[in-house]
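# Reading the structure
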Amino acid sequence: SSSVSVDVSPGTLAESGDDVTVRWSGIERPSDLDWLGIYSPANSSHRYFIGYFFLSSSPGWESGSGSITFPLINLRSDYQFRIFHWDESEVNPKKLDHDHNPIPGTDHLLAQSESVGFQTGRGPEQIHLALTGRIGEMRVMFVTGDGRESFIRYGPDAGGMKTSVATGVSRYERDHMCDSPANHSLGWRDPGFVHDGVISGLRHGRRYYYTVGSDSGGWSKTQSFVSPDSGETIAFLFGDMGTAAPYSTYLRTQSESLSTIKWIARDIDALGDKPAVVSHIGDISYARGHAWLWDNFFHQIQPVASRVPYHVCIGNHEYDWPAQPWKPDWSYSIYGTDGGGECGVPYSVRFHMPGNSSEPTGTEATPPTRNLYYSFDAGVVHFVYLSTETDFLEGSSQYEFLKRDLEGVDRGKTPFVVVQGHRPMYTTSYESRDAPLRERLQRHLEPLFLKNRVTLALWGHVHRYERFCPLNNFTCGSSGGVVHMVIGMGGQDWQPIWEPRPTHVSDPIFPQPGRSMYRGGEFGYVRLAADGERMRVSYVGNHDGEVHDSVEILASGEVLPAVAVDRVEEESRFRWYVKMGSVVVLGGFLGYVMGFLTRNRREDAATKWTAVKTD
């Protein structure tokens, strides 16, 4: 329609996360289903938008004019915005998004904007760290649009980053993907170039400053991290977080993931110059073949992942596709199309975890899947990651790795062992489709965990928090078992809860057996703190940033129940009050003595004055 106009400002953005405002006017008969489509690249077909807003979200839209302001992520190609007319008579009930909302129609274009882009020469984005498994090293990864030679400059102070190390570069292509939408025009977007470099020669527990980029392409803002130490261990752990998009798209995005990152960033700030680790155990971005959501995810985690190592393991939404190579008969209800055709490719290239585990995908075009199973030491904890999406049965390469790794742990150095995987070995949620997999996890891996005295097993997949007693074949014991936790409450909200909801009357309610010690329905994460004697694991809720459940495990393997943990805290507080009270009393007594002596000295001195002259 020639009467409709659309305007965008600014025309050029500086960096990811900057706001753009789209204004329109002249719509003669506005419908509450008229919508604004977001397109990148700018020449994309009408059908292949990356997101949309209904114009009715703008106050005063009935007048035919309005505006919407929202942040954009740098996808290394220009954006364009288009306004379409759509009404209820055109709704196709068979074209729905994951929340069963109809996908907007594109038959009636009213107006389209000029293209909008990002400034060049401002340096790389999507910076994130990882441990290498070797002492004195830190891996740094980031993304550029052109793959030009890039470097990491670093040093012990922000004004003296004099050491430089080159980075390698890799990328993946559309034909590396295994299925739609990942290899289709709807889902594919150019991923840019992933750079990977390692800083070495780091001293224990020291803060280092760094920047990434090049003189020709620009340098990033200065970042910093604290190098690993051999003492106390601090970690923040969760699964199934995803990312939050400011617009609607084909998939549900995870608004709660913003709170998870916010509270973890708060906790990192409080650490000062102590090192820490983040652990995200599967279902990472929930891109599921929609490539731009990976960019959104890495922009969202950068405030955390550029400061502490960010470690991951693979989940069904990064990997599963119909032709995956390991798909035994008993798994027919388990492994499906959850990966959106990605078959682990973005996950394998965008992350680089310790070790060299990989499995072939079974196709010539698709590279092997990496980052499947590995381990590293962080302070007094030995962390182990496994894959529930590839073969873990006895005799497999993964099983042999886990066996060797767990048998080789030096408990004098790392008295605590934490194993992590995506699909849970134990849960009291429904997940009946996963029952055959849980049975095999218990049959093949639980004996390894018990024999090698694993301290804690963490799982995701179920989007809630649950803590079990120390378990051995469903049986509780104060020692000799493994404490299991389900921590898939990082952000994705696609799970029935354990209490009835008036608006979800068809959701099942599941009883809580005795082995389940605590179940929480709030989003959040787990905070782990360990020294040589004890490990404290706490569930922090996103709704208030406070601790709602805790368990303490001693190096001996003894598990202190919540009541005992609370009692230890109370006793610790009581001892602190007694200590401070003693200091106050002692200070008062010393003050009295000093005052008495000073007064007596003055009085005594007054009686011995000698006149130096008469009146």
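The paragraphs below set out a description of the structure included in this document. No experiment lies behind these values; they were computed from the predicted model shown.

## Thoughts on the sheet that holds strand E15 (residues 193-199)
Judged by pairing direction, the sheet is antiparallel, and its four strands sit side by side in the order E10-E11-E15-E14 without closing on themselves. Two strands close off the open sheet at either side, each with one partner strand: strand E10 (125-130) and strand E14 (168-170). Taking the axes of each pair of neighbouring strands and ignoring which way they run, one obtains an average angle of 20 degrees across the sheet.

## Quick word on the packing of aromatic side chains
One pass over the structure, following the stated rule, counts 36 aromatic pairs. Plain terms: the ring middles of phenylalanine 49 and tyrosine 52 are 5.7 Å apart, the flat faces sit at 85 degrees to each other, and that makes the pair edge-to-face. Like phenylalanine 49, the residue tyrosine 52 is buried in the burial classification. Taking 6.4 Å as the distance between ring centres and 55 degrees as the angle between the ring planes, the aromatic pair formed by tyrosine 250 and tryptophan 292 counts as tilted. One end of the pair, tyrosine 250, is in the loop between strand E19 (233-238) and helix H1 (257-271); the other, tryptophan 292, is in helix H2 (residues 292-305), and 42 residues separate them in sequence. In this structure, tyrosine 250 and tryptophan 292 share a single accessibility class: buried. The rings of Trp35, Tyr39, Phe49, Tyr52, Phe54, Phe84, Trp86, Tyr250 and Trp292 are connected pair by pair, giving a single aromatic cluster. The ring centre of phenylalanine 193 lies 4.7 Å from the NZ or CZ of arginine 171, which sits over that ring. The ring of tryptophan 263 has lysine 262 sitting right over it, with the charged end atom 4.3 Å from the ring centre.

## So, the state of the cysteines
Applying the stated criterion to the full structure yields two disulfides. Sulfur-sulfur distance for the disulfide between cysteine 469 and cysteine 476 comes to 2.0 Å. Because the sign of the S-S torsion sets the handedness, a value of about -80 degrees for the bond joining cysteine 469 and cysteine 476 places this disulfide among the left-handed ones. Here cysteine 476 falls in the partly exposed class, since its relative accessible area comes to 40%. Numbered in order of appearance, the disulfide-bonded cysteines of the protein chain are paired 1-2, 3-4.

## A short note on the side chain of aspartate 295
As for its position among the elements, aspartate 295 is in helix H2. A distance of 2.7 Å separates a polar atom in the side chain of aspartate 295 from a polar atom in the side chain of glutamine 126. Beyond its immediate chain neighbours, meaning those up to four positions away, aspartate 295 contacts Ile73, Leu75, Arg76, Gln126 and Arg350.

## Topic: the packing of helix H5 (residues 397-407) against helix H6 (residues 435-451)
Close contact between H5 and H6 brings their axes to 10 Å; oriented N to C, the two are set at 10 degrees. On the basis of the axis angle, H5 is roughly parallel to H6. Between H5 and H6, the contacting residues are Tyr399, Leu402, Lys403, Leu406 and Glu407 on the first element and His444, Leu445, Leu448, Phe449 and Lys451 on the second. In terms of residue class, the contact of H5 with H6 is made up of six nonpolar, one polar and three charged.

## Concerning the environment of glycine 379
Locating glycine 379 in the fold gives a position in the loop between strand E24 (374-378) and strand E25 (381-385). A sequence separation of 149 residues divides glycine 379 from serine 230, and the C-alpha atoms of the two residues are 4.2 Å apart. Apart from the residues lying within four places of it in its own chain, the contact partners of glycine 379 are Asp229, Ser230, Gly231, Glu232, Thr233, Lys413 and Thr414.

Conventions we followed
- Residues numbered from 1 in each chain as written.
- Predicted model: local features only at pLDDT ≥ 70, side-chain atom pairs only at ≥ 80, totals over all residues.
- Heavy atoms only, no water.
- Pairing = 2+ DSSP bridges.
- Helix = DSSP H or I, 4+ residues; strand = E, 2+ residues; numbered from the N terminus.
- Axes fitted to C-alpha atoms, helices over the stretch in contact; angles between N-to-C directions.
- Phe/Tyr/Trp six-rings, centres within 6.5 Å; stacked < 30°, edge-to-face > 60°.
- Buried < 20%, exposed > 50% of the residue type's maximum accessible area, 1.4 Å probe, protein only.
- Lys NZ or Arg CZ within 6 Å of the ring centre and 35° of its normal.
- Disulfide = S-S within 2.5 Å.
- Polar contact = N/O pair within 3.5 Å; in protein donor to acceptor, adjacent residues only side chain to side chain.
- Contact = heavy atoms within 4.5 Å.
- Parallel < 35°, antiparallel > 145°, perpendicular 65-115°, else oblique.
- Nonpolar A, V, L, I, M, F, W, Y, C, P; charged D, E, K, R; others polar.

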